[in-house]
Amino acid sequence: MNNFILLVMIFLNVHSLEFPQFYHRSTDIYIEIAQTIEKCDGVELEMVRDYPKLSMVTLNKNQNKPNKGFVLFGEHARELISPETGLHFVKKLCNQNEDMKSIKDNYELRMIVNLNPLSREKVESGDFCKRENENGVDLNRNYKSHWSKDHDPEMVRTAPGPFAFSEAETQTVRDELKKFSPHVFFSIHSGTLALFTPYAYSKEQPSENISNMMQILTEVKEKHCETCKMGSCGHEIGYLSPGTSMDYAYDDLKIPYSFTFEIYHGGLDVRTKKHALKFLEVQSSHNKYKITHEEKLDQLLRDHSCFATTSTKEMPPDECFKYFNPEEKDQYDFYVENWTQAITLSLNRVAEQRQTQQQS
């Protein structure tokens, strides 16, 4: 077999995975949200940026509700399951779902469901490892909070941009957060299973409101992600990530509840650590991972966190897709529902804590 034919066969094999039909393209996300909210009281869709085209979903806009929440999906293009979860959340919000009643009663919400649409379009076309935006900048390193061109020497160099807030996408998040002044902020990612609080830029754990945040995350872990790592990001992951949206919300804007949820890790079961360890044993038997003990689970959970800057250049595109996103429809359905419930639970617990604080 000559080298040319061999290269063609390798190329075809690497690009064999097509964009699954049950996932939504960027234009379809916008269209489905617009159609969903047509008969949805209190929910609106507005354009907040012309280029790239960014839209924001609002609930109870300017209705003087006691709590304000901001949820950000899709900072990294390859993490398709993040905007898919955002779309599912909006649909449940508009489907007279009983779980959402307390959210509608107690919250003014703002959500950017697809922050990185131009690069997501590249992912939809088969570039399944694409993480950065259209300018090659990692949006979750481009916020002002401890922004730096330097990087953790243990990790591959990241792409924070030429200066903080150099990108239209992060400028939009900054401007909307400043105008809104929410009480709680979420950034939704995939690549591992984790429930993080600040800080990402430091291994030191913050003191402000940390016990309240951890109380909420403990319940989320018990009910929705037994396998998840939980706690202060830099401390738990073991390396530093300057310039993240979570730290900007918490440190610069003083949003007291600031979280990052990482909602999918290819191969690890979100539900139980028992299942995760079984996976580790199977992979070890195939010599893919040299992990056989529970203590090594943390290492695997760190590998492709959204805060990791390890390169995926050598990973075939289809492997990237499977690592960051469910590839089967039933698995997809489980994850978008599970994490919609987890976000809803967290919002409700924040509202309850704040009511208790105001009464005391």
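Residues numbered from 1 in each chain as written. Predicted model: local features only at pLDDT ≥ 70, side-chain atom pairs only at ≥ 80, totals over all residues. Heavy atoms only, no water.

- Looking at an unreviewed UniProt entry, one finds the protein chain named Peptidase M14 domain-containing protein, with Paramecium pentaurelia as its source organism.
- UniProt annotates the protein chain under Cofactor (unreviewed entry) with the comment "Zn(2+)". (UniProt positions renumbered as here; feature names shortened; annotations may be inferred.)

## Thoughts on the overall build of the protein chain
So, point 1. Regarding its fold elements, the protein chain presents 13 helices and 8 strands.
So, point 2. A burial count over the protein chain gives 56% of its 360 residues as buried.
So, point 3. Within the protein chain, residue pairs in contact and separated by at least 24 positions form 78% of the contacts whose partners lie at least 6 positions apart.
So, point 4. As displayed, the protein chain offers around 16,100 Å² of accessible surface, 47% of which is attributable to carbon and sulfur atoms. (Helix = DSSP H or I, 4+ residues; strand = E, 2+ residues; numbered from the N terminus. Buried < 20%, exposed > 50% of the residue type's maximum accessible area, 1.4 Å probe, protein only. Contact = heavy atoms within 4.5 Å. Areas by Shrake-Rupley, 256 points an atom, 1.4 Å probe, with all protein chains shown as cover.)

## Details of the sheet that holds strand 5 (residues 184-189)
So, point 1. Ordered in space as 1-2-4-3-5-8-6-7, the 8 strands form an open sheet in which the pairing is mixed. What marks the edges here is a single partner per strand, and that holds for strand 1 (43-49) and strand 7 (229-232). Within this sheet the neighbouring strands show an average axis-to-axis angle of 15°, counted without direction.
So, point 2. Here strand 1 runs beside strand 2 (residues 54-59); their pairing, made up of 6 bridges, is antiparallel. Across the sheet, residue Arg49 finds its bridge partner in strand 2, namely Leu54. (Pairing = 2+ DSSP bridges. Axes fitted to C-alpha atoms, helices over the stretch in contact; angles between N-to-C directions.)

## A few points about the environment of Met315
So, point 1. Counting through the fold element by element, Met315 comes out in the loop between helix 11 (297-302) and helix 12 (317-324).
So, point 2. For Met315, a relative accessible area of 19% gives the class buried.
So, point 3. A sequence separation of 186 residues divides Met315 from Cys129, and the C-alpha atoms of the two residues are 7.9 Å apart.

## Regarding the state of the cysteines
So, point 1. Inspection of the entire model under this criterion finds 3 disulfides.
So, point 2. A sulfur-sulfur separation of 2.2 Å characterises the disulfide bridge that pairs Cys40 with Cys94. Measuring handedness by torsion sign, the sulfur bridge of Cys40 and Cys94 sits at about -90° and is left-handed. Of this pair, Cys40 sits in the loop between helix 2 (26-36) and strand 1 while Cys94 sits in helix 3 (residues 81-94), and the two are 54 residues apart along the sequence.
So, point 3. With relative accessibility at 9%, the residue Cys94 sits in the buried group.
So, point 4. With a sulfur-sulfur separation of 2.0 Å, Cys225 is cross-linked through a disulfide to Cys228. Every disulfide takes its handedness from the sign of the S-S torsion; for Cys225 and Cys228 that torsion is 85°, giving right-handed. By the burial criterion, Cys225 is buried, and Cys228 matches it.
So, point 5. When the bonded cysteines of the protein chain are counted from the start of the sequence, the pairing works out to 1-2, 3-6, 4-5. (Disulfide = S-S within 2.5 Å.)

## Here we look at the nonpolar core
So, point 1. Grouped together as the largest cluster of nonpolar side chains are 64 residues, with contacts concentrated most on Phe261, Trp339 and Leu347.
So, point 2. In terms of residue count, the dominant contributor to this core is helix 13 (residues 329-359) (10 residues).
So, point 3. Beyond its immediate chain neighbours, meaning those up to four positions away, Trp339 contacts Thr85, Leu195, His224, Cys225, Cys228, Phe261, Glu262, Ile263 and Val270. (Core = buried A, V, L, I, M, F, W, Y, C linked by side-chain atoms within 4.5 Å.)

## As for helix 9 (residues 245-252)
Because each turn of an α-helix spans 3.6 residues, side chains separated by three or four positions in sequence point in the same direction.
So, point 1. With respect to burial, helix 9 is a largely interior element, 7 of its 8 residues being buried.
So, point 2. The set of residues buried in helix 9 consists of Ser245, Met246, Asp247, Tyr248, Ala249, Tyr250 and Asp251.
So, point 3. Count one or two residues on from helix 9 and you reach Lys254, which has phi positive near 60°.

## Regarding the packing of aromatic side chains
So, point 1. Under the defined criterion, the tally for this structure stands at 19 aromatic pairs.
So, point 2. Centroid distance Phe165 to Tyr248: 5.1 Å. Interplanar angle 75°. Geometry classified as edge-to-face. Within this pair, whereas Phe165 is found in the loop between helix 5 (117-124) and helix 6 (168-180), its partner Tyr248 is found in helix 9, the two being separated by 83 residues in sequence. For the pair Phe165 and Tyr248, one class covers both residues: buried.
So, point 3. One aromatic cluster is present, formed by Phe19, Phe22, Tyr23, Phe128, Phe321 and Tyr332 through successive ring pairs. (Phe/Tyr/Trp six-rings, centres within 6.5 Å; stacked < 30°, edge-to-face > 60°.)

## Observations concerning the pattern of salt bridges
So, point 1. Using the criterion set out here, one finds 15 salt bridges in the structure.
So, point 2. Among the salt bridges present, the one from Asp333 reaches Lys329, with a minimum N-O distance of 2.8 Å. In this pair, Asp333 and Lys329 both sit in helix 13, 4 residues apart, roughly one turn of the helix.
So, point 3. Residues participating in the shared-partner salt-bridge network are Glu219, Lys223, Arg349 and Glu352. (Salt bridge = Lys/Arg side-chain N within 4 Å of Asp/Glu carboxyl O.)

## Some points on unusual backbone geometry
Negative phi is the rule for most residues except glycine; trans is the rule for most peptide bonds.
So, point 1. The omega angle of the peptide bond from Tyr51 to Pro52 is -10°, so this bond is cis rather than trans.
So, point 2. Topologically, Pro52 is positioned in the loop between strand 1 and strand 2.
So, point 3. With an omega of 5°, the peptide bond between Pro198 and Tyr199 qualifies as cis.
So, point 4. The residue Tyr199 is located in the loop between strand 6 (193-197) and helix 7 (210-224) in this model.
So, point 5. The residue His146 is not glycine, and still its phi comes out positive at about 55°.
So, point 6. Take His146: it is sitting in the loop between helix 5 and helix 6.
So, point 7. Here His146 falls in the partly exposed class, since its relative accessible area comes to 38%.
So, point 8. Although it is not a glycine, Lys254 adopts a positive phi angle of roughly 60°.
So, point 9. With respect to the helices and strands, the residue Lys254 is situated in the loop between helix 9 and strand 8 (257-263).

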